[in-house]
Amino acid sequence: MPDTHPAIHLVGENATRIWGMTIDERTRRMAKAAKLPFGDAAEGAPAVLVNRAFVFDPPWLRYHAGQPGAVLTIGGVPVIAHVRDAAERAAVARAMAEGRPLADAGTLRLTAYEDGAAIVNEELRKRETPFAMPLTPATVKAAERASYFGAYKGVTDLLTKYLWPEWALVATRIAARIGMTPNMVTALGAALCVAATIAFWHGHYWSGMAMGLVFMVLDTVDGKLARCTITSSWWGNVFDHGIDLVHPPFWWWAWGVGLTAYGRPIGADTLWTLLAVIVGVYVLQRLVEGEFIRRFGMHIHVWRKVDSDFRLITARRNPNMVVLFVSMLFQRPDIGLIAVAWWTVISFVVHLVQLGQAMLARARGREIRSWLA
């Protein structure tokens, strides 16, 4: 990206809101997040023109800010364009305002979204097409859906991938409409997380899992709300991930203590052994994941498809809760905790094998690259 960033300038009129925001406010937030100036550019200076008639994913703004002369179009109409001088700015602005294709593109580089326009995701080393579409009252829901699912990146567990998305989409829309911030959602989830811990402690496993379920959905909502409304913050990230990091050991501890109240007690030595295995081996697994990143520059779960598939069920909070839920169907929460400990050990061994396989493959001259590339 050039040292002097082009100003972001909006063209046209559109009163339609997305996620409760006007296009002007959404674009201003995108510009701020990308550290780009927002407002009128000096006469004849380079600028990134944004057509209010359309809505698009933030990566498009960042991309075009670093690509002088690049224009993204839909149906021939300019959606976003990095103009380099007064003549280009006037021509593109007229086409945007009138909702028509450019009469003379000159040396501008036009890319039609319909033709599969793509940009490179450096983290995943793959080309992808962030969403872009016309924004009208009739397309708001589709635009919000595209924005929401565009926030799902990489690989995750089976609950987050298959069960949470539709529930969290509804909750994200409600939160945006009533003006809740991501930190408010995180705080609500934290309260439910504590309540679930207390319920587990007293052997009230079903009510604890119900509160834990809502918390886990909200744990998805806060991040998606932040991305969709472009309100991510350093504190919000620390708040959210801090809770995610801290609470699981307390859940497993409370689950084990609650076994006595439930009528399936286990000895103190057994409980502490299980907790040591669940927490200690999990930490070792994360160290293996970190070593993979250090050696190969990508996450262990995006190397091969089988690695991404295993991430669906690897021993982390959500898959562990599935194990405990199944144990409750048989009224054996004690066996559930033991199963979580064994699954944690198995997951660690699988990750260790994955790291070893990658090291061996590189030693034999194979390139280690993501299957998503």
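Residues numbered from 1 in each chain as written. Predicted model: local features only at pLDDT ≥ 70, side-chain atom pairs only at ≥ 80, totals over all residues. Heavy atoms only, no water.

A. Spatial organisation of the overall build of the protein. When helices and strands are counted, the protein shows 12 helices and 9 strands. Its C-alpha atoms give the protein principal-axis dimensions of roughly 80 × 55 × 30 Å. Looking at the protein alone, contacts between residues at least 24 apart form 72% of all its contacts between residues at least 6 apart. The positive charge centre, built from 38 side chains, and the negative charge centre, built from 30, are 4 Å apart in the protein. (Helix = DSSP H or I, 4+ residues; strand = E, 2+ residues; numbered from the N terminus. Contact = heavy atoms within 4.5 Å. Lys, Arg positive; Asp, Glu negative; His and termini not counted. Charge placed at Lys NZ, Arg CZ, Asp CG, Glu CD.)

B. Spatial organisation of the packing of aromatic side chains. One pass over the structure, following the stated rule, counts 18 aromatic pairs. With a centroid separation of 6.2 Å and 40° between ring planes, the pair formed by Trp 253 and Trp 272 is classed as tilted. Within this pair, whereas Trp 253 is found in helix α8 (residues 234-262), its partner Trp 272 is found in helix α9 (residues 268-296), the two being separated by 19 residues in sequence. Over the ring of Trp 303 we find Arg 304; its NZ or CZ atom is 4.0 Å from the centre of that ring. (Phe/Tyr/Trp six-rings, centres within 6.5 Å; stacked < 30°, edge-to-face > 60°. Lys NZ or Arg CZ within 6 Å of the ring centre and 35° of its normal.)

C. Structural context of the pairing of strand β4 (residues 70-74). By the criterion of burial, β4 is predominantly enclosed, with 5 of the 5 residues buried. Burial along β4 is two-sided: Ala 70, Leu 72 and Ile 74 facing one way and Val 71 and Thr 73 facing the other are all buried. As judged from the 4 bridges shared by β4 and strand β6 (residues 109-112), these two strands associate in the parallel manner. If you follow Thr 73 over to β6, its bridge partner there is Ala 112. Judged from the 4 bridges that link them, β4 and strand β5 (residues 77-83) form a sheet pairing that is antiparallel. Bridge pairing in β5 links Thr 73 to Pro 78. (Buried < 20%, exposed > 50% of the residue type's maximum accessible area, 1.4 Å probe, protein only. Pairing = 2+ DSSP bridges.)

D. Just the packing of helix α6 (residues 182-201) against α8, in detail. Contact geometry for α6 and α8: axes closest at 8 Å, N-to-C directions at 10°. With respect to α8, the axis of α6 lies roughly parallel. (Axes fitted to C-alpha atoms, helices over the stretch in contact; angles between N-to-C directions. Parallel < 35°, antiparallel > 145°, perpendicular 65-115°, else oblique.)

E. Local environment of the confidence of the model for the protein. Averaged over the protein, the pLDDT score is 92; the fraction of residues at 70 or greater is 96%. The least confident element of the protein is strand β8 (residues 126-128), whose mean pLDDT is 64; the most confident is helix α12 (residues 333-363), at 98. (pLDDT = per-residue confidence, 0-100.)

F. Structural context of the packing of helix α5 (residues 158-177) against helix α7 (residues 205-228). Contact pair α5 / α7: the axes reach a minimum separation of 8 Å and the direction vectors enclose 65°. The way α5 lies across α7 gives a crossing that is right-handed. Side by side, α5 and α7 meet where Thr 160, Trp 164, Trp 167, Ala 168, Ala 171, Thr 172, Ala 175 and Ala 176 of the first sit next to Leu 213, Met 216, Val 217, Thr 220, Val 221, Lys 224 and Leu 225 of the second. The class makeup of the residues in the contact of α5 with α7 is 11 nonpolar, 3 polar and 1 charged. (Left-handed = near helix turned anticlockwise from the far one by under 90°. Nonpolar A, V, L, I, M, F, W, Y, C, P; charged D, E, K, R; others polar.)

G. A look at the sheet that holds strand β1 (residues 7-11). Ordered by their spatial adjacency, 5 strands build an open sheet running β1-β2-β5-β4-β6, and the pairing between neighbours is mixed. Among the strands making up the open sheet, the edge pair consists of β1 and β6. Strand-to-strand twist in this sheet, taken as the mean axis angle between neighbours without regard to direction, amounts to 20°. In the sheet, β1 pairs with strand β2 (residues 47-51) via 5 bridges, with the strands oriented parallel. Its bridge partner being in β2, His 9 is matched across the sheet by Leu 49. Of the strands in this sheet, β1 and β2 touch helix α1 (residues 23-33), which is tilted by about 165° from β1. The strands that helix α3 (residues 86-98) touches are β1, β2 and β5; relative to β5, the one it contacts most, it runs at about 160°.

H. Summary view of the environment of Tyr 113. With respect to the helices and strands, Tyr 113 occurs in the loop between β6 and β7 (119-121). Tyr 113 sits 34 residues away from Ser 147 along the chain, and the two C-alpha atoms are 16 Å apart. Not counting residues within four places of it along the chain, the set of residues in contact with Tyr 113 comprises Trp 60, Leu 72, Thr 73, Ile 74, Thr 129, Pro 130, Phe 131 and Ala 132.

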